[in-house]
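Residue strings, one per chain:
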Amino acid sequence: MDGTSARQLFSTVTDDDRLVISVEPFDVPEPAAGEVVVAMKAVPLNPSDLGLLLSPADLGTARSEVVQGSPALVADVARAMRRAVKGRVGQKLSVGNEGAGVVVAAGASASAQALMGRVVTLVGGQMMRTHRVMEAAHVVPLPEGADPVEGASLFVNPMTVQAFLETMEREGHSALVHTAAASNLGQMLARLCLKRGVPLVAIVRSEAQRTLLADMGVEHVIDSSVDGYMGRLIAAIAATGATLAFDAVSGGRLANDILVAMEQAQIKLGAPYSVYGTTTHKQVYIYGRLDPSPVTLTAGTGLYWGIGGWLVTPRLAELGRERTMEMRRYAVEERNGVFASHYTRTVSLEELLEPDVARAIDRKATGEKFLVDPSKGS
Ligand SMILES: NC(=O)c1ccc[n+]([C@@H]2O[C@H](COP(=O)([O-])OP(=O)(O)OC[C@H]3O[C@@H](n4cnc5c(N)ncnc54)[C@H](OP(=O)(O)O)[C@@H]3O)[C@@H](O)[C@H]2O)c1
């Protein structure tokens, strides 16, 4: 293959405590029989990508440099992060969990050949590059005429929200509480719950976020920044009977507030008094670390509850390949509906190296998702 303009992005922590993000040329390998080469057109920047890409850095120190002949963004590793990143020092790490593009070369197998010229959505890491070689069986084609942008974010968030509902059903719950609920993922969850008739209590932290979800039709939207928030949370949880929460914030006392509110809701619903608390199990799954501060627990939760971590990949493995592929097909079907994503800005690999762009991406603000088009500017 002609790899003359092929470029890939790496994130490296150096032994002198710098984070170096570089864009470097590479030769695209010939695909094996069952493989395809995808020219990447649309790669979203999700919070999970930022953990690898930018999180170690003190972006106040970000500057543009040329490192070993390649354009790079260089920043000091934040003091608080130095211990956490020791395991990756010196390793050039590829970034980008998911994305979409066009199949431009295919191996000899019939399944690979059938994908030639198709727009496909794919997952599996190393997406921040102009060309990604993948097993044909691991990419999902979009319908004819679809734009790659429609396929960019069809795995991480769509599969997570579908798997939330699987967890809810498998663990015997019938309603959900969700935090940071106006996020890209939160809006997908809201649309999925509305479609499936699953009662949802959405916790947000501003009036603008409350309006956004209320306008979508979500009945119970609670703004944690206003006085009287706990009373409203208890009432909403009592109205829905929710005993399960997915928490993306984690730091501070939000998980605690939810458990206390669930306990109070159970009492409201008629649970008998006990000094040990009610006998209804209440569960909070922490699935994000938007606030990295410690999780705080107080009295008032009773003693029958759990707080655990929740990660989509092992949850999908539990569900099995067949169910996972069914969920992926549903994500494609609903790409412009339940799982639609909106992007504020599309940048090239090189624009990602600009300090101001990196700082804007790192803000992870509501409605400010960035898309990378690796084919731009080559
Ligand atoms: N565990 C898993 O398997 C898994 C899978 C997929 C996604 N995730 C997690 O899901 C979360 C959402 O992802 P996304 O792509 O939807 O993100 P996103 O669209 O970038 O949105 C981030 C949202 O979080 C809010 N936020 C940021 N910091 C916050 C804080 N300290 N307290 C409360 N809200 C805060 C932002 O609101 P403001 O505008 O108010 O800042 C914004 O609404 C991320 O934490 C991601 O890591 C986890």
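Residue positions are counted from 1 within each chain, in the order its sequence is given. In keeping with the predicted nature of the model, local features appear solely for residues at pLDDT of at least 70, side-chain atom pairs appear and are counted solely at 80 or more, and the whole-chain, interface and lining totals rest on all residues. The basis for every side-chain value is the complete set of non-hydrogen atoms in the structure, without hydrogens or water.

## Overview of a nonpolar patch on the surface
- Together, Tyr273, Val275, Tyr276 and Leu303 give the surface a local cluster of nonpolar side chains, amounting to about 590 Å² of exposed area.
- Secondary structure elements follow DSSP: runs of H or I of four or more residues count as helices, runs of E of two or more count as strands, with numbering from the N terminus. Residue placement: Val275 occurs in the loop between α8 (254-268) and β16 (282-286).
- The rule is simple: take the accessible area with a 1.4 Å probe, protein chains only, and divide by the maximum for that residue type; under 20% is buried, over 50% is exposed, in between is partly exposed. When its relative accessible area of 64% is taken as the criterion, Val275 is described as exposed. Exposure above 30% relative accessible area and the absence of a salt bridge qualify a residue for a patch, where like charges join within 9 Å and nonpolar side chains (Val, Leu, Ile, Met, Phe, Trp, Tyr) within 5 Å. Accessibility throughout is a Shrake-Rupley quantity obtained with a 1.4 Å probe, and a residue counts as covered only by protein chains that appear here. The term salt bridge refers to a side-chain nitrogen of Lys or Arg lying within 4 Å of a carboxyl oxygen of Asp or Glu.

## Regarding the environment of Ala214
- If you trace the backbone, Ala214 turns up in helix α6 (residues 207-216).
- Separated by 32 residues in the primary sequence, Ala214 and Ala182 have C-alpha atoms spaced 10 Å apart.

## Quick notes on the environment of Glu219
- When you line up the elements, Glu219 lands in the loop between α6 and β13 (220-223).
- Measuring from C-alpha to C-alpha, the distance between Glu219 and Pro314 comes to 32 Å, with 95 residues separating the pair along the chain.

## Thoughts on the nonpolar core
- Core analysis: the biggest nonpolar cluster contains 46 residues, and Leu176 and Phe339 have the highest contact counts within it.
- Sort the elements by how many residues they give to this core and helix α4 (residues 156-170) lands first, with seven residues.
- Here this core gathers at least three residues from each of two domains, domain 1 (7-153 + 342-372) and domain 2 (156-314).
- By definition in these notes, contact holds between two residues if any of their heavy atoms fall within 4.5 Å. In contact with Leu176, not counting residues within four places along its chain, are Leu165, Met168, Leu189, Cys193, Val198, Pro199, Leu200, Val201, Ala242, Leu244 and Phe246.
- In this text, buried Ala, Val, Leu, Ile, Met, Phe, Trp, Tyr and Cys residues form a nonpolar core when linked through side-chain atoms within 4.5 Å. Core analysis: the second largest hydrophobic core is formed by 42 residues, Ile21, Leu45, Leu50 and Val103 among them. Note that the domain bounds were set by an automatic or database domain assignment.

## Points about helix α11 (residues 355-362)
- All buried positions along α11 are accounted for by Pro355, Val357, Ala358, Ala360 and Ile361.
- Against α1 (47-53), β4 (63-67), β5 (70-76), β19 (345-347) and β20 (370-372) lie the buried residues of α11.
- In the stretch just after α11, Lys364 is the one whose phi turns positive, near 50°.

## Description of the pattern of salt bridges
- As enumerated under the stated definition, the model contains 17 salt bridges in all.
- Its salt-bridge partner being Asp76, residue Arg63 comes within 3.1 Å of it at the nearest N-O pair. With a gap of 13 residues between them, Arg63 in strand β4 and Asp76 in strand β5 connect regions that are remote in the sequence.
- Given a relative accessible area of 27%, Arg63 falls into the partly exposed group.
- Since its relative accessible area comes to 29%, Asp76 is described here as partly exposed.
- Between Glu334 and Lys195 there is a salt bridge; the shortest N-O distance is 3.0 Å.

## Some remarks on the domain arrangement of the chain
- Its domain assignment divides the chain into domain 1 (7-153 + 342-372) and domain 2 (156-314).
- Buried surface area refers to the total accessible area, computed with a probe of radius 1.4 Å, that the two partners give up upon joining, counted for both partners together. Summed over both sides, the interface of domain 1 with domain 2 buries roughly 630 Å², with 55% coming from carbon and sulfur.
- When the buried area of domain 1 at its contact with domain 2 is split by residue, Ser153, Thr366 and Lys369 rank highest and sum to 53% of it.
- At the junction of domain 1 with domain 2, the criterion picks out zero salt bridges.
- A 3.5 Å cut-off defines polar contacts: any pair of N or O atoms within that distance qualifies, except that in protein one atom must be a possible hydrogen donor and the other a possible acceptor, and neighbouring residues in sequence count only when both atoms are side-chain atoms. Viewed at the interface, domain 2 and domain 1 are joined by one residue pair in polar contact (both at pLDDT 80 or more).
- Any residue outside Ala, Val, Leu, Ile, Met, Phe, Trp, Tyr, Cys, Pro, Asp, Glu, Lys and Arg is labelled polar, Gly included; the first ten of those are nonpolar and the last four are charged. When grouped by side-chain class, the residues that make up the side of domain 1 that touches domain 2 number no nonpolar, six polar and three charged.

## Here we look at the side chain of Ser70
- The topology assignment puts Ser70 in strand β5.
- The class for Ser70 is buried, based on a relative accessible area of 7%.
- Leaving out residues up to four positions away in the same chain, Ser70 has contacts with Val23, Glu24, Pro25 and Glu65.

## Quick notes on the packing of aromatic side chains
- Stacked, edge-to-face and tilted labels apply to pairs of Phe, Tyr and Trp rings (six-membered ring for Trp) whose centres lie within 6.5 Å, assigned for plane angles under 30 degrees, over 60, and everything in between, in that order. Here the structure, examined in full by the defined rule, presents six aromatic pairs.
- In textbook terms, an aromatic cluster arises when at least three aromatic residues are bridged by ring pairs, as seen for Phe164, Phe246, Tyr285, Tyr287 and Trp310.
- In this structure, Arg129 is placed above the aromatic ring of Phe26, and the distance from its NZ or CZ to the ring centre is 5.2 Å.
- Of note, Arg315 hangs over the ring of Tyr285, and the distance from its end group to the ring centre comes to 5.1 Å. Geometrically, a charge over a ring is one whose NZ (Lys) or CZ (Arg) sits within 6 Å of the ring centre while staying within 35 degrees of the ring normal.

## Examining the site of the ligand
- Taken together, 24 residues lie around the ligand, and Leu185, Arg205, Gln209, Val312 and Thr366 are the ones closest in.
- Asn157 places a side-chain nitrogen or oxygen 3.1 Å from an oxygen atom of the ligand.
- Within the contact set of the ligand, a nitrogen atom lies 3.0 Å away from a backbone nitrogen or oxygen of Trp310.
- Listing elements by their share of the shell around the ligand, those giving two or more residues are α4 and α5 (184-196).
- If you tally residues by element for the shell around the ligand, the top one is α4, at three residues.
- Among the residues forming the shell around the ligand, the class breakdown is 12 nonpolar, eight polar and four charged.
- Built from parts of two domains, the shell around the ligand gets at least three residues from each of domain 1 (7-153 + 342-372) and domain 2 (156-314). The nearness test applies per residue and asks whether one of its heavy atoms lies within 4 Å of the molecule or strand.

## Here's the deal with unusual backbone geometry
- A positive phi angle is found at Gln68, which is not glycine, with a value near 45°.
- For Gln68, the position within the fold is in the loop between β4 and β5.
- Relative accessible area serves as the criterion here: at 79%, Gln68 is assigned to the exposed category.

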